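The residues making up each chain are set out below.
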Amino acid sequence: MSSTADIESENASASGQSNLTPKHKSEHGEIESQASTSLAGLTHKFPQVLVEVEKQREQEGQLEDPRLNRRKSFVNLATGNHHVAAHLGCIRPTEDIFNPEDPNIREDIIRMIIQYLSDEGYTSSKTTLYDEANFKGHEREERVTEVNRLKKGIIEGDWAEVDKLCAKPLVKNQKSFLYAVYKQQYLEYIEHQEMQKAFTFLNKRLKPLEHLQMTPNEFKDLCYLLTAKAVHDAPSFKNWEGIGPARKKLVEQFQNLLNFENADKDGTANIYAPLTPQMLFAVAYQIEFSRYHPRVAPRVNTLLQDYTSFIIPNAIRATLVGHRGNVKCVEFVGQEGREIVSGSSDNTLRIWDTESAREIGILEGHESRIWDVSSNKNGSYVSSASGDGTIKLWDMKSSKHTCVTSLSGHAGDVYTVKFHPGDNHIVAGGYDKIVRLYDVNTGQLVKMFNGHQLSVSKTIFNPLGNLIISGSKDNTIKFWDIVSGLCIRTISSHLGEVTSVEMNSNGTLLLSSSKDNSNRLWDVRMVRPIRRLKGHQNTSKNFIRAGFASNSLIVGGSEDGIVYIWDQDTGEVLQKLRGHTGMVYNAIWNAKQSLFVSCSDDRTLNTWWYDESRSLEL
């Protein structure tokens, strides 16, 4: 049992105190005094020491600014591609290749989805899709299951299972094959010397099919076997292979029958239709025919968006000259972007070939400047908003690019126009403070949205197409429900006129530009500002705009004549593109072309690209 002194000694040790003799305590005190003096000196010198250590780590590259690291990663991504030019001769993925409404094509798509669900084990989902699509493939799959069961039954000699399946449509009407199956069963009874069963089976199953015998004397020999010692005693069966080989031969006969009788006319009925390889081919096609090729095979992490090479433009590719007034707006025609359309204060729109930068058309008809242009997804139509109070719809598929519709009703300049994601409607706004929704096919006004106190400078749809977002000179951004026509949300944080609004591809982020000299990024769901993008100039002119480029960049114009590129995640200016001699109204990115196009007060447009011969310094 421990004494009290022992316990106190242990407690003292546990609390960091030593159980020392007087002599030891004296020595210990000297040690503590020296340590305290040394520590005090180190503490006094610590700031200087820390600075020297940090300098050394910086020199060794061990201490880096996170923003510097991000810039380096951008440079690595951008320089990881090399330019191979546009593939003008490649076949474009248009509706001309196949008709998505073709029943056969629709069935093929469903079959691939069903195959994927089956391979991944989503049995319930697969069954639901069968039912909802009223898909005949369900019958085919049941048939495949029955075929496999029948083959297994024959090989294993499970004749009860075989008889059950032979009563189904799969074999029921194939009398010749039924005769072969029954003959095999009969010969096995003979081989096993089960004569009574053989006699009953002969009369019940084989006699009704006697007319299907393979040789004139085959049925007679089958009867003879009832008195014979072995199957080989009958002339018609002297070469009989035996039970096992005969069963395999019967299965082969069945498969040949299926191949002949049950294949579709085009031979596609039993083709395995995996979805994943088709997706791989599609992505590989997009990579192969992109303007920039990756130096290393990329790792694609989403199939919800087309593959695009990540680049940061650093040079002018071409300057498009032809307008006689400042160029207020520009847009790539369709998602493919093989043409560019621009609108100017010279009252015309001009069409340019993206690759050659050649002017290929002039659209005349407006009586005042063009404030905005928009194209539908497949590039078949372009709409234009003008100071003459009208919106015109232009047919881009006709050789003369004729105006097919002119929409009126606005009281004053129309500053903005945008196609709905479904391409059947357009939204417009202007000087009269009203947002208007039109039906493209009929040219009729569908709905008006009232609420802004001053001119509407920009209108867009969200990606789902159920909301309209508008920016106004009254410093506000409004969200409108298309069905009810009600304003469901208002943002009033800008200190100046809102000159543009844009949404990212999935509708989670909103980008706004304002004459308070800022572009702002908003979280749409929480309706809160995420960051403010600065560096450019936007204080007085109509209209300086900005938009999203890829999934990580923002690009916009400026009154100082520079195209600005910002890092979406940090708000930092990554690149300043100089080349215009007047203010830049807007810059638009096209993923398929991997190009920017900008429009300016200097009456020109510039296309911008990544030039490998020039260093990329962010």
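Residues numbered from 1 in each chain as written. Predicted model: local features only at pLDDT ≥ 70, side-chain atom pairs only at ≥ 80, totals over all residues. Heavy atoms only, no water.

## Comments concerning the overall build of the protein chain
Along the backbone of the protein chain there are 13 helices and 30 strands. In the protein chain, 50% of the contacts between residues at least 6 apart in sequence involve partners at least 24 apart. Carbon and sulfur atoms make up 50% of the accessible area of the protein chain, which totals about 32,800 Å². (Helix = DSSP H or I, 4+ residues; strand = E, 2+ residues; numbered from the N terminus. Contact = heavy atoms within 4.5 Å. Areas by Shrake-Rupley, 256 points an atom, 1.4 Å probe, with all protein chains shown as cover.)

## Notes on the pattern of salt bridges
Applying the stated rule across the entire model yields 22 salt bridges. The partner of Asp 372 in a salt bridge is Lys 458, and the shortest N-O contact between them spans 3.3 Å. Placement of the pair is Asp 372 in strand 8 (residues 370–375) and Lys 458 in strand 16 (residues 456–461), with a sequence separation of 86 residues. Each of the two residues, Asp 372 as well as Lys 458, counts as buried. The network of salt bridges with common partners includes Arg 149, Glu 161 and Lys 164. (Salt bridge = Lys/Arg side-chain N within 4 Å of Asp/Glu carboxyl O. Buried < 20%, exposed > 50% of the residue type's maximum accessible area, 1.4 Å probe, protein only.)

## A short note on empty space enclosed by the protein
In this structure the tally under the stated criterion is one cavity of 30 Å³ or more. Roughly 40 Å³ of volume is contained in the largest cavity. In terms of lining residues, the largest cavity is bounded by Leu 393, Thr 405, Leu 407, Ile 426, Asp 439, Val 440 and Gly 443. Looking at the lining of the largest cavity residue by residue, the class counts come to four nonpolar, two polar and one charged. (1 Å grid on protein atoms, 1.4 Å probe; cavity = no way out; pocket = protein on both sides within 12 Å on 5 of 7 lines; lining within 4 Å. Points joined across faces, edges and corners; volume = space filled by probe spheres on them. Nonpolar A, V, L, I, M, F, W, Y, C, P; charged D, E, K, R; others polar.)

## Some details on a nonpolar patch on the surface
Residues Met 279, Val 300 and Leu 303 make up a contiguous nonpolar surface patch of roughly 240 Å² in combined accessible area. Summarising the element assignment, Val 300 is placed in the loop between strand 2 (292–294) and strand 3 (315–321). (Patch = residues over 30% accessible without salt bridge, like charges linked within 9 Å, V, L, I, M, F, W, Y side chains within 5 Å.)

## Re the sheet that holds strand 19 (residues 487–491)
An order of 16-17-18-19 is seen for the four strands of this open sheet, with the pairing classed as antiparallel. The open sheet has two free edges, formed respectively by strand 16 and strand 19, since each of these has just one partner strand. Each strand axis lies, on average, 20 degrees off the axis of its neighbour in the sheet, ignoring direction. In this sheet, strand 18 (residues 477–481) lies alongside strand 17 (residues 467–472) in antiparallel orientation, the contact comprising five bridges. Among the inter-strand pairings, Leu 467 is bridged to a residue of strand 18, identified as Asp 481. (Pairing = 2+ DSSP bridges. Axes fitted to C-alpha atoms, helices over the stretch in contact; angles between N-to-C directions.)

## Thoughts on the packing of helix 7 (residues 159–166) against helix 9 (residues 175–191)
Packing of helix 7 against helix 9 brings their axes to within 12 Å, and their N-to-C directions diverge by 160 degrees. Between helix 7 and helix 9, the crossing angle belongs to the class labelled roughly antiparallel. The handedness of the crossing between helix 7 and helix 9 is left-handed. Packed against helix 7, whose contacting residues are Trp 159, Val 162, Asp 163 and Cys 166, the element helix 9 presents Leu 178, Val 181, Tyr 182, Gln 184, Gln 185 and Glu 188 at the interface. (Parallel < 35°, antiparallel > 145°, perpendicular 65-115°, else oblique. Left-handed = near helix turned anticlockwise from the far one by under 90°.)

## Some thoughts on the sheet that holds strand 30 (residues 604–609)
Pairing between sheet strands relies on hydrogen bonds along the backbone, with the strands arranged either parallel or antiparallel. As summarised here, the arrangement of the four strands in space is 3-30-29-28, forming an open sheet in which the pairing is antiparallel. One side of each edge strand has no neighbouring strand; the edge strands of this open sheet are strand 3 and strand 28 (584–590). Neighbour-to-neighbour, the strand axes of the sheet open up by a mean angle of 20 degrees, direction not taken into account.

## So, the pairing of strand 16
Taken across its six residues, strand 16 has six buried, putting it largely inside the fold. Sheet topology places strand 16 next to strand 17; five bridges connect them, and they run antiparallel. Bridge assignment links Lys 458 to a residue of strand 17, and that residue is Gly 471. The antiparallel hairpin formed by strand 16 and strand 17 contains five residues in its connecting segment, where Gly 465 sits at a positive phi of about 85 degrees.

## Quick notes on the packing of helix 4 (residues 103–120) against helix 5 (residues 123–133)
If you want to describe how two helices pack, look at the angle between their axes and the distance between the axes. Two elements in contact, helix 4 and helix 5, have axes whose closest approach is 9 Å; the angle formed by their N-to-C orientations is 160 degrees. Here helix 5 runs roughly antiparallel to helix 4, going by the angle between their axes. Of the two elements, helix 4 crosses helix 5, and the hand of that crossing is left-handed. Facing Ile 110, Ile 113, Ile 114, Leu 117 and Ser 118 of helix 4, the residues of helix 5 in contact are Ser 125, Lys 126, Leu 129, Tyr 130 and Ala 133. Its residues assigned to classes, the contact of helix 4 with helix 5 comprises seven nonpolar, two polar and one charged.

## Points about the pairing of strand 30
Across the six residues that make up strand 30, a large majority, six, are buried. Side chains Thr 604, Asn 606 and Trp 608 project from strand 30 onto one buried face, and the interleaved Leu 605, Thr 607 and Trp 609 project onto a second face that is buried too. Inspection of the sheet shows strand 3 paired to strand 30 by six bridges, in the antiparallel sense. Note on strand 30: the bridge partner recorded for Thr 319 is Asn 606. In this sheet, strand 30 lies alongside strand 29 (residues 595–600) in antiparallel orientation, the contact comprising four bridges. Across the sheet, Ser 598 pairs through a bridge with Asn 606, a residue of strand 30. Where strand 29 folds back onto strand 30 in an antiparallel hairpin, the turn is made up of three residues, including Arg 603, whose phi is positive at roughly 75 degrees.

## Points about the environment of Arg 205
Relative to the helices and strands, Arg 205 resides in helix 10 (residues 195–206). With a relative accessible area of 23%, Arg 205 lands in the partly exposed category. Linking Arg 205 and Leu 178, residues 27 residues apart in sequence, is a C-alpha distance of 9.3 Å. When residues no more than four places from it in sequence are discounted, the contact partners of Arg 205 are Asp 163 and Tyr 182.

## Some remarks on the side chain of His 420
Within the secondary structure layout, His 420 lies in the loop between strand 12 (414–419) and strand 13 (425–430). A polar atom in the side chain of His 420 sits 2.8 Å from the backbone nitrogen of Gly 422. Aside from chain neighbours lying at most four places away, what touches His 420 is His 425, Phe 461, Gly 465 and Ile 482. (Polar contact = N/O pair within 3.5 Å; in protein donor to acceptor, adjacent residues only side chain to side chain.)

## Overview of helix 4
Taking 1.5 Å of rise per residue, 18 residues should cover 26 Å, and helix 4 covers 26 Å from first to last C-alpha, within 8% of that figure. Note on helix 4: the residue one or two positions beyond its end, Gly 121, has a positive phi of about 85 degrees. (Expected span 1.5 Å × (residues − 1).)

So far we have only geometry, and geometry alone does not tell us how the molecule works.
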